[in-house]
Amino acid sequence: MPVDLYPGNRSSRLPLRMLGPEGEPLSRHYYSQETGDDLEDHEMVRGFEYENGKYVIVTDEELERLAPEQSRDIDLRKFVDLESIPPLYFDRSYFLAPSEGSEKVYKLLAETMAKSGLAGVATFVMRGKEYLVAIFPENGILRAETMRFKDELRTPKEVGLPDMKKVPAATVKKFENFIAKHSDKHLALKELKDQKAEELLKLVEKKRKQHKDVVKVEEPEERAQGKVVDLVEILKKKLAGKQKAA
Amino acid sequence: MAARAIWKGDLKMGSAKVPVKLYSAAQDQTVRFHILDKKSKTRVKQHMVDESGKEVPNEEIRKGFEVEPGTFVILDEPELGKLEPEASREIEITQFVAPKEIPPEYYDRPYYLGPDGDQSAYFALAQALRNKEKEGVAHWVMRKQRYAGALRAEDDHLVLFTLRNAEEVLSAKDLPRPAGRAPDKKELTMAKQLVGLLEGEFDPDEYKDEYRQRVMEFIKKKAKGHAPKLHLVKTKRKAASLDKVLSRSIETLRKEKKAA
């Protein structure tokens, strides 16, 4: 089933821009340690340090060609109970959108999984990395949660945690009572709000009203055009069937 | 060798305190590359430049929030410092919920907790969480950052996860439902059969990052000066009717099962 992947998390880090002394926006640039010259994209390569200071250059093309054909498709070979996967494995979240011609399979899979309450598990290679994912429906849309491979998790033994000791039943009971007393049916989303961002926005608004430290810079055309691509907008259009492959 | 704790704190539940140490549970195995200058094959450096391309030294850089395109409110270091939370060693547990109340997309980084001194309180809490099948919602301040998290028992031990902020998680409810016609009854029955045949237990041992191994082998060979020739892989995609794909898949799986 051909699908496209879109990020399901967005960075909440408030985008504080780096500015020059006069408030002019700055940008990050790479330069050579050898010559001190600024480098453009085509003047840089990707290298793996195999010995101190020695690098093997690996190109995009090589990474692409290293992936066997069958590894590029999401091949669902197993369906499991989503709740049986320990959260230790969960890494990042994505949404899948149907790619041209796969709308039918997509809808069928989403509906079937919603009815069975199961999640599909698969691996696939994309942009120079292999991903292990759990795919499950949410409101008719397929979410793909990338998971850590087993060797990307330490075991309690590797960390050096002590083995379980026998503990007094009364201590367990005491904690159980506390848990029972403070249990709620639902997670309160207010527990997950970004307090720092709210405080920062408040400060920004206050200073803006006082006209304190407000700078206006002329927006160069380049910057206005080079605005970050809004993947969420593309995903929305894609789901609604309004746009062809991005 | 045992790992080093990255932080120490006290789990606080009402008047009870359980002293714990924090250890990273995840170890990213992604093949790490460096960006190099193509000519000299040396690592590149970064600096900040203004629009004319002139470097601006670190001490002259200011931070600003863009309130509208081209308009910034500048925030200085003392102001940003005031927004930092007060340092604390407490991990406060505010409520307990069933694990399914915290969907996968909220889990961010996992940490093992180890007992710091008193082991009986630590193991008693792990056991109680397991018996009650609950996860604790935690709040703490670590390295000048405020965190919300989930405390849960993983077998005998405690694991603390950082959770993403609500604003960071995109909900499917904010997205349009996919277009296209709804599947018909026959297709649904076949798909149900297919999923049924593939139902099983999640077993992390089944999945290996084979691609990572291939990349590492290739790098080793290339370092020795004999990189294998790689061929372009053509992707062929045949469009087949949904009906046919489903019945073929079911057929193949049944044969595989019989053979096994």
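Note that the coordinates shown come from a computational prediction; the quantities given were computed from them, not determined experimentally.

Colleague: Quick rundown of the overall build of chain B? Include the residues and the values.
Modeller: Scanning chain B from N- to C-terminus turns up five helices and 11 strands. Whereas a compact globule of 260 residues would reach a radius of gyration of roughly 18 Å, chain B reaches 27 Å, over 25% beyond that. Across the 260 residues of chain B, 28% fall into the buried class. Of the contacts made within chain B by residues no fewer than 6 positions apart, 64% connect residues no fewer than 24 positions apart.

Colleague: I'd love a proper account of the overall build of chain A, names of residues and values included.
Modeller: Within chain A, the regular secondary structure consists of seven helices and 11 strands. Compactness check: chain A gives a C-alpha radius of gyration of 25 Å against a globular reference of 18 Å for 246 residues, more than 25% above the reference. Seen along its three principal axes, the alpha-carbon backbone of chain A occupies a region of about 65 × 55 × 50 Å. When the 246 residues of chain A are sorted by exposure, 29% land in the buried category. In chain A, the share of contacts with a sequence separation of at least 24, taken over all contacts with a separation of at least 6, comes to 64%.

Colleague: Requested: an account of the interface of chain B and chain A, with residues and values cited.
Modeller: Facing 135 residues of chain B, the contacting portion of chain A comprises 140 residues. Considered class by class, the residues forming the side of chain B that touches chain A number 71 nonpolar, 26 polar and 38 charged. In the sheet, strand 4 (residues 44-51) of chain A pairs with strand 3 (residues 34-37) of chain B via four bridges, with the strands oriented antiparallel. Residue pairing in the sheet places Val45 of chain A in a bridge with Leu36 of chain B of strand 3 of chain B.

Colleague: Before we move on, can you summarise the confidence of the model for chain B with the specific residues and values?
Modeller: Considering every residue of chain B, the mean pLDDT works out to 91; 96% of them sit at 70 or more. Looking at the elements of chain B, mean pLDDT is at its lowest for helix 5 (residues 242-259) of chain B, recorded as 77, and at its highest for strand 11 (residues 157-163) of chain B, recorded as 98.

Colleague: Can you lay out the sheet that holds strand 3 of chain B for me, pointing to particular residues and giving the numbers?
Modeller: Pairing is antiparallel in the open sheet, where three strands are placed in the order 5(A)-4(A)-3(B). The open sheet is flanked by strand 5 (54-57) of chain A together with strand 3 of chain B, the only strands paired with a single partner. Put simply, the sheet's adjacent strands are angled 60° from each other on average, direction ignored.

Colleague: Provide a residue-level description of the sheet that holds strand 2 (residues 16-24) of chain B, including the pertinent values.
Modeller: All names here are of chain B. Strands sit in the order 1-2-8-11-10-9-7 around a closed barrel of seven strands; the barrel is mixed. Taken pair by pair, the neighbouring strands of this sheet meet at an average axis angle of 40°, ignoring direction. In this structure, strand 2 lies alongside strand 8 (residues 107-115), joined through five bridges in antiparallel fashion. Opposite Lys21, over in strand 8, you have Gly114 as the bridge partner.

Colleague: Describe the nonpolar core, and please don't skip the residues or the numbers.
Modeller: Nonpolar side chains tend to gather and get buried jointly when the protein is soluble and globular. Of all hydrophobic cores here, the largest spans 95 residues; its most connected members are Leu96 and Ala119 of chain A together with Leu125, Leu158 and Val159 of chain B. For this core, the leading source of residues is helix 2 (residues 119-132) of chain B, giving eight residues. Structurally, this core is a two-domain feature, drawing no fewer than three residues from each of domain 1 (7-27 + 84-168) and domain 2 (182-198 + 238-260) of chain B. If you look at the next biggest cluster of nonpolar residues, it comprises seven residues, including Leu26 and Val204 of chain A together with Val73 and Leu75 of chain B.

Colleague: I'd love a proper account of the environment of Ser93 of chain A, names of residues and values included.
Modeller: Note on placement: Ser93 of chain A falls in strand 7 (residues 90-98). For Ser93 of chain A, a count of 22 C-beta atoms within 10 Å translates into the label buried. Counting along the chain gives 47 residues from Ser93 of chain A to Arg46 of chain A, while the straight-line C-alpha distance between them is 27 Å. Dropping the residues within four chain positions of it, Ser93 of chain A is found in contact with Gly8, Asn9, Arg143 and Glu145 of chain A together with Pro104 and Glu105 of chain B.

Colleague: Can you explain the pairing of strand 5 (residues 62-68) of chain B? Please cite residues and give values.
Modeller: Pairing between strand 2 (residues 16-19) of chain A and strand 5 of chain B: four bridges, direction antiparallel. The residue of strand 5 of chain B that forms the bridge with Leu19 of chain A is Arg62 of chain B. Here five bridges tie strand 5 of chain B to strand 6 (residues 71-75) of chain B, and the two strands are oriented antiparallel to one another. Its bridge partner lying in strand 6 of chain B, Lys63 of chain B is registered against Leu75 of chain B. Taking the residues between adjacent antiparallel strands as the criterion, strand 5 of chain B and strand 6 of chain B are bridged by two residues, where Gly70 of chain B takes a positive phi near 85°.

Colleague: Could you give me a rundown of the packing of helix 4 (residues 169-181) of chain A against helix 2 of chain B, with the residues and numbers involved?
Modeller: Look at helix 4 of chain A against helix 2 of chain B: their axes get within 8 Å of each other, and the N-to-C directions meet at 50°. As summarised for this structure, helix 4 of chain A and helix 2 of chain B are arranged oblique, according to the angle between their axes. Helix-helix and strand crossings are classified by hand; for helix 4 of chain A and helix 2 of chain B the assignment is right-handed. Where helix 4 of chain A abuts helix 2 of chain B, its residues Thr171, Val172, Phe175, Glu176, Ile179 and Ala180 of chain A lie against Ser120, Ala121, Ala124, Leu125, Gln127, Ala128, Leu129, Asn131 and Lys132 of chain B. Tallied by class, residues from the contact of helix 4 of chain A with helix 2 of chain B come to nine nonpolar, four polar and two charged.

Colleague: Help me get a handle on the packing of helix 2 (residues 103-116) of chain A against helix 3 (residues 185-197) of chain B, residues and values and all.
Modeller: Helix 3 of chain B packs onto helix 2 of chain A with a crossing angle of 60° between their chain directions and a minimal axis gap of 10 Å. Regarding the angle of helix 2 of chain A to helix 3 of chain B, the classification is oblique. The two elements helix 2 of chain A and helix 3 of chain B meet at a crossing, and its hand is right-handed. Here Leu108, Leu109, Glu111, Thr112 and Ser116 of chain A of helix 2 of chain A lie close against helix 3 of chain B, whose contacting residues are Glu187, Leu188, Ala191, Lys192 and Val195 of chain B.

What counts and what doesn't
Residues numbered from 1 in each chain as written. Chains lettered and ligands numbered in written order. Predicted model: local features only at pLDDT ≥ 70, side-chain atom pairs only at ≥ 80, totals over all residues. Helix = DSSP H or I, 4+ residues; strand = E, 2+ residues; numbered from the N terminus. Rg over C-alpha atoms; globule rule 2.2 N^0.38 Å. Buried ≥ 20, exposed ≤ 12 C-beta atoms within 10 Å, placed from the backbone. Contact = placed C-beta atoms within 7 Å. Nonpolar A, V, L, I, M, F, W, Y, C, P; charged D, E, K, R; others polar. Pairing = 2+ DSSP bridges. pLDDT = per-residue confidence, 0-100. Axes fitted to C-alpha atoms, helices over the stretch in contact; angles between N-to-C directions. Core = buried A, V, L, I, M, F, W, Y, C linked by C-beta atoms within 7 Å. Domains from an automatic or database assignment. Parallel < 35°, antiparallel > 145°, perpendicular 65-115°, else oblique. Left-handed = near helix turned anticlockwise from the far one by under 90°.

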